[in-house]
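What follows is the residue order along each chain.
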Amino acid sequence: MNGAAILVTAMPPTAFPTVKASTICGDIAGRVQPGGVAAFRGVPYGDAARFMPPKPASCWNDTLDASSDGPYCPGMHPPYDAHMSESCLSLNVFTPVRS
């Protein structure tokens, strides 16, 4: 997402309200955290096959749920769990919410 512009707007106030943003790859939906910070978690930035260089992430058609962290990369040693994946090229974005 080179040069991606993110426009953030807040939804009505509730406990951790949803916040949406538009990127060059599509819309994402995150959560507003205490202090007026929008958190977009697990946003894909690349795809890579095993032992191959990464490529830019594929774009999406529907709103991407960015309310939780993406999978983490496997390590050299166990324990391995269900939230681990070789498709682990994602990032978390935190930004102030505009009223």
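Everything numeric in this text was worked out from a predicted model, so none of it was measured.

**Student:** Which residues make up the state of the cysteines, and what values go with them?
**Tutor:** All chains considered together, the criterion is met by two disulfides. A sulfur-sulfur separation of 1.9 Å characterises the disulfide bridge that pairs Cys73 with Cys88. Taking the torsion about the sulfur-sulfur bond, which here is approximately 90 degrees, the covalent link between Cys73 and Cys88 counts as right-handed. Taken together, the positions of Cys73 in the loop between β7 (64-65) and β8 (90-96) and Cys88 in the loop between β7 and β8 put the pair 15 residues apart, joining distant regions of the chain. The cystine pairing of the protein chain, numbering bonded cysteines in sequence order, is 1-2, 3-4.

**Student:** Go over the confidence of the model for the protein chain with me, naming the residues and quoting the values.
**Tutor:** In this model, the protein chain carries an average pLDDT of 83, and 82% of its residues clear a pLDDT of 70 or more. The weakest mean pLDDT in the protein chain belongs to strand β1 (residues 7-10) at 54; the strongest belongs to β7 at 96.

Reading the values: rules and limits
Residues numbered from 1 in each chain as written. Predicted model: local features only at pLDDT ≥ 70, side-chain atom pairs only at ≥ 80, totals over all residues. Heavy atoms only, no water. Disulfide = S-S within 2.5 Å. Helix = DSSP H or I, 4+ residues; strand = E, 2+ residues; numbered from the N terminus. pLDDT = per-residue confidence, 0-100.

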